[in-house]
Amino acid sequence: MENLEEIKQKANWCLQCKTRPCQEKGCPVHTNIPEFISKIKEEKFKEAYDILQENNIFSHICGTICPQEDQCEGKCVRAIKQVPTSIGYLEKFINEWAEENNYEFEYKVGEEKDKKVAVIGSGPAGLECAYELRKQGYKVTIFEKDEDYGGILRYGIPDFRLSKDIIQNIIDKLKKMEIVFRNNTCFGKDIKIDDLKNEFDAIFLGIGAEKPSTYDLGDFENIYDSDTFLRAYNNRKYLEKLGDVVVIGGGNVAMDSARAAIRMNAKSVSILYRRDEEHMPARKIELEDAIKDGVIPVFLTRVIKGKGTGRKLEKLECIKTEIIDHKAIDKVNSEFEYKADSVVFAIGLKPNKELLQKQNIELNEYGLIKVDENCRTSIEKVYAGGDVMESKSTVCRAISSARIAAKAIISDLESR
Ligand code: SF4
Ligand code: SF4
């Protein structure tokens, strides 16, 4: 176990505020922060774990990967004059303690109901929605296009940031609740909304954002998008002969891709980002970890196009930028070349617009599914949550939207 004195010191830093801004304004799933921390102060770790799990079965994942500085810890009153309470660290500690001590939280199923719900996608939004519904006794089937379950948790976030065992543990427990899991079932091809509506009383779409953004660098081999690249790493199908790798982007996915490239034996790995460090969306800690791994960040640089022999990429033509009014503007006559054998685009993922349009579901101007405040879509009995209806979502926010959708589904099913 970690140093108990240190854990208690961190717990004692919490002032147990009555107004609890960390919980109410910071945490998307409203974790009962003062209570679980007060249990740590009393060394009642089982009770702390129960409080966390009762509210959020993804607590271990959230404690590990939530951007706490923007969520719970960002609203901690301690941060106004000093440093915030280490909420994420304490949440992770309690979950690790439970694992080491084989202490489990039981997922319970409510009184069986005859209504059936289809959940499309087994990422955090799909799993959370399925759990909330099954907890109330509804019959739930999860459809997943991939072989394994977990979506972005399994195929997007690398194991050096989040252990696959944590995800598998949650899925195993959901299976024990008799949630039905169907893999290798592609939405839009194997299953369609109209068909599902005949069999199910409600449908939840948690299919995430799966279309990577890229732009044309020319016709070269070894140009990847982050989705393909991270899947190769996560499936242990390592890409070979990567050579000097350039990752284009500045978010956490860019950091993950760069660190995965190091582990796939790249000769060198650089991140080329068009803005400066201050404007980088990646968490500070992720950038620091990437640098520790040997990744070279290059700021204020825009990649224009590739150069090489035939289809073999050899270098990138770039231009220096400067920040004016928070925007990256090209600097005149500052073009230069950067050595690159492989490129990974990590500049964002979007929902698959064509696929959704074929299902006649209404989208907003950003190509996301249009929902009301209760996550109801334009189609009756169809709801959505996570990255498919919210851009730049976090795992915790995806869980939060799925919970809202589950509430709406329950309320609609009860009133029918
Ligand atoms: Fe913080 Fe995430 Fe835990 Fe909420 S779920 S308290 S945001 S670490
Ligand atoms: Fe504790 Fe900070 Fe939350 Fe106050 S705001 S209860 S100090 S974690």
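Everything numeric in this text was worked out from a predicted model, so none of it was measured. (Residues numbered from 1 in each chain as written. Chains lettered and ligands numbered in written order. Predicted model: local features only at pLDDT ≥ 70, side-chain atom pairs only at ≥ 80, totals over all residues. Heavy atoms only, no water.)

Student: Describe the overall build of the protein, with residues and values.
Tutor: Along its length, the protein carries 16 helices and 15 strands. Its C-alpha radius of gyration of 23 Å places the protein within 12% of the 22 Å reference for a compact globule of 416 residues. C-alpha atoms of the protein, sized along the principal axes, occupy 65 × 60 × 40 Å. Across the 416 residues that make up the protein, the buried fraction comes to 52%. Sequence separation of 24 or more characterises 68% of the internal contacts of the protein that already satisfy a separation of 6 or more. Accessible surface, the protein: about 20,000 Å² in total, of which carbon and sulfur atoms supply 46%. If you average the places of the 65 positive and of the 71 negative side-chain charges in the protein, the two averages end up 1 Å apart. (Helix = DSSP H or I, 4+ residues; strand = E, 2+ residues; numbered from the N terminus. Rg over C-alpha atoms; globule rule 2.2 N^0.38 Å. Buried < 20%, exposed > 50% of the residue type's maximum accessible area, 1.4 Å probe, protein only. Contact = heavy atoms within 4.5 Å. Areas by Shrake-Rupley, 256 points an atom, 1.4 Å probe, with all protein chains shown as cover. Lys, Arg positive; Asp, Glu negative; His and termini not counted. Charge placed at Lys NZ, Arg CZ, Asp CG, Glu CD.)

Student: I'd like to hear about the domain arrangement of the protein, residue by residue, with values.
Tutor: One can read the domain layout of the protein as domain 1 (4–100), domain 2 (116–209 + 351–415) and domain 3 (212–345). The centre of domain 1, based on its C-alpha atoms, is set 35 Å off from the matching centre of domain 3. (Domains from an automatic or database assignment.)

Student: Help me get a handle on the packing of aromatic side chains, residues and values and all.
Tutor: Within this structure, the stated rule accounts for 12 aromatic pairs. Between Phe143 and Phe200, the aromatic rings sit 6.0 Å apart at their centres with planes inclined by 90°, giving edge-to-face as the arrangement. Taken as a pair, Phe143 in strand β2 (residues 139–143) and Phe200 in the loop between α11 (193–199) and β4 (202–205) lie far apart in primary sequence, 57 residues in all. On the accessibility criterion, Phe200 (4% relative accessible area) is buried. Members of the aromatic cluster, connected to one another through ring pairs, are Phe45, Tyr49, Phe93, Trp97 and Tyr103. Directly above the aromatic system of Phe181 lies the positively charged group of Lys175, at a separation of 5.6 Å from the ring centroid. The aromatic ring of Tyr155 is capped on one face by Arg231, whose charged end is 4.5 Å from the ring centroid. (Phe/Tyr/Trp six-rings, centres within 6.5 Å; stacked < 30°, edge-to-face > 60°. Lys NZ or Arg CZ within 6 Å of the ring centre and 35° of its normal.)

Student: Give a detailed account of the site of ligand 1, specifying residues and quantitative values.
Tutor: Looking at ligand 1, there are 13 residues lining it, with Cys27, Cys66, Gln71, Cys72 and Glu91 nearest. Taken together, the residues of the shell around ligand 1 break down into nine nonpolar, three polar and one charged. (Near = heavy atom within 4 Å. Nonpolar A, V, L, I, M, F, W, Y, C, P; charged D, E, K, R; others polar.)

Student: So what about the environment of Gly121? Which residues, and what values?
Tutor: Along the chain, the position of Gly121 falls in the loop between β1 (116–120) and α8 (124–135). The spacing of Gly121 and Ile167 is 46 residues in sequence and 15 Å in space, taken between C-alpha atoms. In contact with Gly121, other than residues within four places in its own chain, are Gly126, Ile142, Phe143, Glu144 and Gly206.

Student: Just give me the short version of the sheet that holds strand β3 (residues 180–182), but keep the residues and values in it.
Tutor: With respect to topology, five strands assemble into an open sheet ordered β3-β2-β1-β4-β15, the strand pairing being parallel. A single partner strand is all that each edge strand has here, and the edge strands are β3 and β15 (382–384). Strand-to-strand, the axes of this sheet are offset by a mean angle of 20°, without reference to chain direction. Taken together, the three bridges between β4 and β15 define a ladder with parallel strand orientation. Of the residues in β15, the one forming a bridge with Ile203 is Val382. Along the sheet face, helix α16 (residues 395–415) touches β1, β4 and β15 and points at about 160° away from the line of β15. (Pairing = 2+ DSSP bridges. Axes fitted to C-alpha atoms, helices over the stretch in contact; angles between N-to-C directions.)

Student: Quick one: what's the story with the side chain of Asn95, residue by residue and with numbers?
Tutor: Mapped onto the fold, Asn95 is located in helix α7 (residues 87–100). The exposure class assigned to Asn95 is buried, which follows from its relative accessible area of 3%. When sequence neighbours within four positions are dropped, the list of residues in contact with Asn95 reads Tyr49, Leu52, Gln53, Ser59 and His60.

Student: Go over the site of ligand 2 with me, naming the residues and quoting the values.
Tutor: Taken together, 13 residues lie near ligand 2, and Cys14, Leu15, Cys17, Cys22 and Cys76 sit nearest. Elements represented by at least two residues in the shell around ligand 2 include exactly α2 (21–26) and α3 (33–41). Residues belonging to the shell around ligand 2 are distributed by class as follows: 10 nonpolar, two polar and one charged.

Student: Just give me the short version of unusual backbone geometry, but keep the residues and values in it.
Tutor: With phi around 50°, Asn102 is a residue other than glycine that occupies positive phi space. If you trace the backbone, Asn102 turns up in the loop between α7 and β1. Among the residues examined, Asn102 registers a relative accessible area of 68% and is labelled exposed. Here the phi dihedral of Asp325 falls at roughly 50°; this positive angle occurs in a residue that is not glycine.

Student: Which residues make up the packing of α8 against α16, and what are the values?
Tutor: As a packed pair, α8 and α16 sit with axes 8 Å apart at the nearest point and diverge in direction by 35°. Relative to α16, the crossing made by α8 is right-handed. Contact residues: α8 offers Pro124, Ala125, Glu128, Cys129, Glu132 and Leu133, while α16 offers Val395, Ala398, Ile399, Ala402, Arg403, Ala406, Ile409 and Ile410. When the residues that make up the contact of α8 with α16 are grouped by side-chain class, the tally is 11 nonpolar, no polar and three charged. (Left-handed = near helix turned anticlockwise from the far one by under 90°.)

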